[in-house]
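Observations on the model geometry
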Amino acid sequence: MADIVATTERLVLREWAEGDADAFYAAMNTPAVMRWLGGVQTPEQWRAAYDRLAGFTRDFGHTFWIVERKADRELLGLCGLKRVNAPGAPNPGDFEIGWRLRQSAWGQGVAKEAAIATLDLAFARFAAPYVVALTVAGNCASWGLMERLGMKRRADLDYTDPRFGPELNPTIVYSIDAAGWPAARAGL
Ligand SMILES: CC(C)(COP(=O)(O)OP(=O)(O)OC[C@H]1O[C@@H](n2cnc3c(N)ncnc32)[C@H](O)[C@@H]1OP(=O)(O)O)[C@@H](O)C(=O)NCCC(=O)NCCS
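Reading guide: rules and limits
- Residues numbered from 1 in each chain as written.
- Predicted model: local features only at pLDDT ≥ 70, side-chain atom pairs only at ≥ 80, totals over all residues.
- Heavy atoms only, no water.
- Helix = DSSP H or I, 4+ residues; strand = E, 2+ residues; numbered from the N terminus.
- Rg over C-alpha atoms; globule rule 2.2 N^0.38 Å.
- Contact = heavy atoms within 4.5 Å.
- Areas by Shrake-Rupley, 256 points an atom, 1.4 Å probe, with all protein chains shown as cover.
- Buried < 20%, exposed > 50% of the residue type's maximum accessible area, 1.4 Å probe, protein only.
- Arc of directions from axis to C-beta.
- Pairing = 2+ DSSP bridges.
- Right-handed = clockwise from strand over helix to strand, strands pointing away.
- Polar contact = N/O pair within 3.5 Å; in protein donor to acceptor, adjacent residues only side chain to side chain.
- Near = heavy atom within 4 Å.
- Nonpolar A, V, L, I, M, F, W, Y, C, P; charged D, E, K, R; others polar.
- Core = buried A, V, L, I, M, F, W, Y, C linked by side-chain atoms within 4.5 Å.

Looking only at helices and strands, the chain has five helices and eight strands in total. Along the chain, from the amino end to the carboxyl end, the secondary structure elements read β-β-α-α-β-β-β-α-β-α-β-β-α. The C-alpha atoms of the chain give a radius of gyration of 15 Å, which matches the 16 Å a tight globule of 188 residues would have. Each of the three principal axes of the chain carries a C-alpha extent, and together these read 40 × 40 × 35 Å. Contacts in the chain between residues far apart in sequence, at least 24 positions, make up 62% of those at least 6 positions apart. Taken as a whole, the chain presents about 9,100 Å² of accessible surface, with 54% of it coming from carbon and sulfur.

Now for the side chain of Thr8. Among the secondary structure elements, Thr8 is positioned in the loop between β1 (4–7) and β2 (11–14). Discounting chain neighbours no more than four positions away, the residues touching Thr8 are Lys70, Glu113 and Ala117.

The next subject is helix α1 (residues 20–28). Residues of α1 that are buried include every one of Asp20, Ala21, Phe24, Ala27 and Met28, and no others. Seen from one end, α1 has its buried residues packed into an arc of 140 degrees, which puts them on one side. Opposite the buried face of α1, by more than 90 degrees, sit the exposed residues Asp22 and Ala26.

Turning to the environment of Val40, a few remarks are in order. By the element assignment, Val40 lies in the loop between α1 and α2 (43–60). Spatially, the C-alpha atoms of Val40 and Thr30 are 6.0 Å apart, while their sequence positions differ by 10 residues. Setting aside anything within four residues of it in sequence, one finds Val40 in contact with Asn29, Thr30, Pro31, Met34 and Gln45.

The next point concerns unusual backbone geometry. Between Asn169 and Pro170 the backbone carries a cis peptide bond, its omega angle lying at -10 degrees. Relative to the helices and strands, Pro170 resides in the loop between β7 (152–153) and β8 (172–177). Despite not being glycine, Arg73 has its phi angle at roughly 60 degrees, a positive value. Topologically, Arg73 is positioned in the loop between β3 (64–69) and β4 (75–83).

A separate point is the pairing of strand β6 (residues 130–135). Buried residues dominate β6, accounting for five of its six residues. Alignment of strand β5 (residues 95–101) against β6, held across three bridges, turns out to be parallel. Bridge pairing in β6 places Glu96 opposite Val132. In this fold, the crossover linking β5 to β6 by way of helix α3 (residues 110–124) has right-handed handedness. Sheet topology note: the β6/β8 ladder contains six bridges and is antiparallel. Note that in β8 the partner of Leu134 across the bridge is Val173.

Our next topic: the side chain of Asp161. Relative to the helices and strands, Asp161 is located in the loop between β7 and β8. Only 2.7 Å separates the side chain of Asp161 from the side chain of Arg163, close enough to count as a polar contact. Apart from residues lying up to four places away in sequence, Asp161 is in contact with Ala86, Pro87, Asn169 and Thr171.

Lining the immediate environment of the ligand, one finds 20 residues, of which Leu101, Gly107, Ala111, Asn139 and Arg148 sit closest. Of all the secondary structure elements, the ones that give two or more residues to the shell around the ligand are β5, α3, β6 and α4 (140–148). Of the residues contributing to the shell around the ligand, the split by class is 10 nonpolar, six polar and four charged.

A few words on the nonpolar core. Ranked by size, the top nonpolar core spans 37 residues in total, and within it Leu13, Trp99 and Val131 carry the most contacts. Counting residues per element, this core draws most heavily on α3, at 10 residues. With residues up to four places along the chain from it excluded, the contact list for Val131 reads Leu81, Phe95, Glu96, Ile97, Leu119, Ala122, Phe123, Met151, Tyr174, Ser175 and Ile176. Formed by 15 residues, the second largest nonpolar core is a distinct cluster that contains Trp16, Phe24, Ala49 and Leu75.

Structure follows, in structure tokens:
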């Protein structure tokens, strides 16, 4: 059994376990889910991405964790904390929250519920001074969630990611700091 990182009303956030990488790829590698993430991935691209996620666990003790529905342990996606490592980013190493859900889990507040648990962990367990979130202007669902969480735009941290073309640039950045999270959380 993989270690559980957090539980919420409806969800379990847990470490990755044997077999998760294949199950995740099968459920999540769709044009809709990957639309703002560079498009569907080859197995080799996913393996490299998975290895990077495992590297964050090894190096920092946190990563984008598996999100499951508590009731039936269905794999819903990922949410968690990594460190900024994108080419071109001006703030490498900053704590970065991220989320990706299978399409059937959109529109139910699942990402928000997982993100609240992740921000709690970021500040209480991992002592993050602040947490950033990265997306692109077209990904309204993602920056909408950032705003609903009380994160603030940090245009000073925006950057061009050389891996992508104009539709996926610039990367836009939001953040929230440890001092601001309790009040933001109380208003959710
Ligand atoms: C980004 C993503 C995770 C957002 O998921 P989401 O389901 O829209 O986000 P939330 O969990 O905040 O849910 C909000 C929606 O659930 C609804 N909802 C239903 N029940 C709810 C509840 N109990 N609590 C909160 N919201 C609820 C809200 O009204 C809202 O719906 P709306 O968008 O129609 O207004 C999702 O779109 C996704 O996985 N996209 C593909 C991957 C991706 O682009 N990731 C981000 C890369 S930067």
